[in-house]
Amino acid sequence: MERSDFAVGSVVVALIFLVWVSAAGFGSDSVPVPLGPYTHSHLLTQFKVSSTISVVAALGSDVLLPCRLIPEMNAEKMEIRWFKPRYRPYVHLYINGKDDYSIQMPQFANRTELLKENITRGIFPLKIRNVTAQDSGEYYCLVESSDHHGRTTVQLQVTAVGSLPVISPNTYTSNDTAFCESCGWLPEPSLIWTDTQGNRVIPSKEKVYRDEKSLYCIFSIISLPDSSNITCTVLNSVNQSKYHSKQIRETGLPVTCRDQYSRYIVFWPCLAALIVSFGYIYHQSKELKRLLAAPDNCKQNARHSEEAPVNGICAAGYTPNGCTPSDHGTHGNVPSAPVNGICAAGYVPIGSTSSDHGTQGKKSADHSQSTVQV
């Protein structure tokens, strides 16, 4: 009875051993003899996917994104997928020993290539041609074998050096301000103002925006300092920079918008006053010429006033103000000047003296009396 139990137990142990050997694959021609707890085949499928942390490429250039297996091993039969940041569609897909472009992101169409010169050593970088601003970002390299997979990441930074910054006076306000602007930068730039001594000048306003090509522009405004020069420097995170310096003061005097505005305020009123002064002088000169052109009129008026009728008697042959031709007919002809030395009684015309009246007084009196009687 005991022998029978032992025999049954032995059979059971033998069956269990055979089942274990069959499950483990021992004795198979395709699998080598196990070495320790793992098979040799299992050890060969263990790998790590590696790459550099980041890559910098100039806008419009070609770039290589590294990806490799550690330890070195043949990756020809593996599946290699490049994507960002979504799993699908792919940036590039290598499967079944060839490239597959059926599920590729449209922005990378005809621009990617998996370099396979060293793929048997586990080295297969991705080439991207003519990089754009939109290509910047994080990329994933995923590698899968029949029983293992691994992944790594690499950061692509596309750079571009923008236009030369330009410092201009702020013509929109009367303040002592200036602005600086530059476009075409990647990655996002920053702007620094400095004075003649290199001291930082804090801007009153600053704005960063992207243009139609997804490149960055930066705009900044400052209140002008007391120094003679001001410098505007624009730079990005990869130490690419451009700057512009401008002289804002001359011989200690500010050359600013406010000064230009003040000059206009002084200039135009002075110009208007000058024009008015010339007009007034011109008018006065014309008036003076008019007066100088008529001296005879003035003399005639003066003679008229001297030869006005005296006591109703008008000079012979002359009709001044207040006399008419009838006056001469009524009162006779009494000349305004002495005639043969005789002057009219009571009248001393030009050219007569009081002695004339005294010497010839009788004749003048008789003449005057006879004239009145008539």
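The name an unreviewed UniProt entry gives the protein chain is Butyrophilin-like protein 10 isoform X1, with Xenopus tropicalis as the organism. What UniProt states about the protein chain under its Subcellular location (unreviewed entry) heading is, verbatim, "Membrane".

A.B. asks: Is there a simple way to explain the sheet that holds strand β14 (residues 190–195) in this structure?
C.D. replies: What links the strands of a sheet is backbone hydrogen bonding, and the strands pair in either a parallel or an antiparallel sense. Reading across from one edge, β15-β14-β18-β19 is the order of the four strands in this open sheet, with antiparallel pairing throughout. Edge positions in the sheet fall to β15 (200–201) and β19 (241–247), since each has one partner strand and no second. Relative to β19, strand β18 (residues 229–235) runs antiparallel, the two sharing seven bridges. By the bridge assignment, Thr233 is partnered in β19 with Tyr243.

A.B. asks: Help me out: how do you make sense of the packing of aromatic side chains in this one?
C.D. replies: Given two aromatic rings, one states the distance between the centres and the angle between the planes to describe the pair. Enumeration over the complete set of coordinates arrives at five aromatic pairs. Seen from their ring centres, Phe83 and Tyr140 are 5.2 Å apart, and the 15 degrees between their planes marks the pair as stacked. Remark: Tyr140 occurs in strand β10 (residues 137–144) and Phe83 occurs in strand β5 (residues 79–83); sequence separation between them is 57 residues. For the pair shown, Phe83 and Tyr140 are each scored as buried. Arranged with centres 6.3 Å apart and planes meeting at 75 degrees, the rings of Phe108 and Tyr139 form a pair that is edge-to-face. Here the residue Phe108 occupies a position in the loop between β7 (98–100) and β8 (112–114), and Tyr139 occupies one in strand β10, the gap between them amounting to 31 residues. A relative accessible area of 0% means that Tyr139 is categorised as buried. Grouped by ring-pair contacts, the aromatic residues Phe83, Tyr87, Tyr90 and Tyr140 constitute a single cluster.

A.B. asks: I would appreciate a short explanation of the state of the cysteines in the present structure.
C.D. replies: What we call a disulfide is simply a covalent bond connecting the sulfur atoms of a pair of cysteines. For the structure on display, the rule yields three disulfides. Here Cys183 connects covalently by a disulfide to Cys217, the sulfurs 2.1 Å from one another. Disulfide Cys183-Cys217: the torsion about the S-S bond is 120 degrees, which places it as right-handed. Taken together, the positions of Cys183 in strand β13 (residues 177–185) and Cys217 in strand β17 (residues 216–223) put the pair 34 residues apart, joining distant regions of the chain.

Conventions adopted
- Residues numbered from 1 in each chain as written.
- Predicted model: local features only at pLDDT ≥ 70, side-chain atom pairs only at ≥ 80, totals over all residues.
- Heavy atoms only, no water.
- UniProt positions renumbered as here; feature names shortened; annotations may be inferred.
- Pairing = 2+ DSSP bridges.
- Helix = DSSP H or I, 4+ residues; strand = E, 2+ residues; numbered from the N terminus.
- Phe/Tyr/Trp six-rings, centres within 6.5 Å; stacked < 30°, edge-to-face > 60°.
- Buried < 20%, exposed > 50% of the residue type's maximum accessible area, 1.4 Å probe, protein only.
- Disulfide = S-S within 2.5 Å.

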